[in-house]
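Results of the structural survey
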Amino acid sequence: MQKSTMTKYGAFFGALLLALTGCRSDQFYHSRAADDAREFLLGNAPELTPEQICFVRYNDPILLKGEGLGDPEEMGSWEKTNGYIRQICVAWEIPEREAIYMVCGFSEERMQYWKPNRLIRKKFHRTAQAQDEMLKSARTYLLNNLAANLTTEEINRVRYTYPVLAETDLDVNFNTDLKMDADKVEKTKERMKKSRQYSLIWEIADRRVVFSGYSSPELTGWDILFAGILTPDEVAKHTLHVVKNPDDFNTQLIPEVK
């Protein structure tokens, strides 16, 4: 009887030990991948100084994840459980190095089978915070006030693509909160003459979705004073000059001195 009980306990603890050792956390696989990436980077970057080598050895990386490979709708049972395969780069932003060092490989989300494939040294353009704030304001205004006048395609273009940034001279509404008296409106107009009018312009077929406001040449303090749908001719008539095109919209602005 005692032997049977011990056998049952032994089988139970054996199964428990197997479960504990066979079910590792995502953090375990991420840490293992980071260690593999660290050794791969240090073995392929002879230009690093001793101080930079120490930085890589003793600092945690960041994970940059690309799009998955394959169609999520066609996932099998393994992919549904583990996640579909994507490129995952283990990266360090090393002091006094212009490029970010990225060790890239392919794996599922947990990184259980991730292995380093190649080292990429990539220079990223710093995103322009002022333009980011302008985009957030325009997209929020769009959804709250302008969406009913646009098609789904036009709404998605504004939400997911970059616009033209231009200095303009549109006749905007200075009394947007409907609380300014006539005297305050005139004073506001005088103050705005010392600023510049900038517009975000999305070019969609034969229409232009436009958001305009005034700010400093560095684009700080920009508020929407006009939002609407114009024709290409109307936009062209009131465009003084183009500051940024969609391709370089989110790069740092060097203000023009007048």
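Residues numbered from 1 in each chain as written. Predicted model: local features only at pLDDT ≥ 70, side-chain atom pairs only at ≥ 80, totals over all residues. Heavy atoms only, no water.

Quick look at the state of the cysteines
By definition, a disulfide is the covalent link that joins the sulfur atoms of two cysteine residues. For clarity, the cut-off: When two cysteine sulfur atoms are found within 2.5 Å, that pair is recorded as a disulfide. By the criteria applied, helices consist of DSSP H or I runs no shorter than four residues and strands consist of E runs no shorter than two, each listed in order from the N terminus.
This model, assessed by the stated rule, comprises 1 disulfide. Disulfide pairing is shown between C89 and C104; the S-S distance is 2.1 Å. Between C89 and C104, the disulfide has an S-S torsion of 100° and is therefore right-handed. Of this pair, C89 sits in strand β2 (residues 86-92) while C104 is found in strand β3 (residues 100-107), placing the two residues 15 residues apart along the sequence.

Some points on the packing of helix α2 (residues 26-43) against helix α3 (residues 50-58)
The criterion, for reference: Think of each axis as a best-fit line through the C-alpha atoms, taken over the contacting stretch in the case of a helix, with angles from 0 to 180 degrees between the N-to-C directions. Orientation categories follow fixed angle ranges, with anything under 35 degrees roughly parallel, anything over 145 roughly antiparallel, 65 to 115 roughly perpendicular, and all other angles oblique. Should the near helix be turned anticlockwise from the far one by less than a right angle, the crossing is left-handed, and should it be turned clockwise, the crossing is right-handed. It only takes one pair of heavy atoms within 4.5 Å for two residues to be counted as in contact.
Running from N to C, α2 and α3 cross one another at 165°; their axes reach a closest spacing of 9 Å. Relative to α3, the element α2 lies roughly antiparallel. As α2 runs across α3, the sense of the crossing is right-handed. Where α2 abuts α3, its residues R38, E39, L41 and L42 lie against I53, V56 and R57.

Let's talk about the pattern of salt bridges
To keep it simple, the criterion reads: Salt-bridge detection follows one rule: a side-chain nitrogen of Lys or Arg within 4 Å of a carboxyl oxygen of Asp or Glu. Only protein chains enter the calculation, and the probe is 1.4 Å; a residue is then buried if its accessible area is under 20% of its type maximum, exposed if over 50%, and partly exposed in between.
Going through the model one piece at a time under the given rule, you end up with 9 salt bridges. Note that E47 and R121 form a salt bridge whose closest N and O atoms lie 2.8 Å from each other. On the criterion of sequence distance, the pair formed by E47 in the loop between α2 and α3 and R121 in strand β4 (residues 118-122) is long-range, its members being 74 residues apart. Residue E47 is classed as partly exposed on the basis of its relative accessible area, which comes to 29%. A salt bridge links R207 to E154; its shortest N-O distance comes to 2.7 Å.

Considering the confidence of the model for the protein
Caution is warranted with low-pLDDT regions, since their predicted coordinates should not be read in detail. Which entries qualify depends on this criterion: For every residue, the predictor states its confidence as a pLDDT score lying anywhere from 0 to 100.
Overall, the prediction assigns the protein a mean pLDDT of 80, with 74% of residues at 70 or greater. Here helix α1 (residues 2-22) is the element of the protein with the lowest mean pLDDT, 43, and strand β5 (residues 164-168) is the one with the highest, 96.

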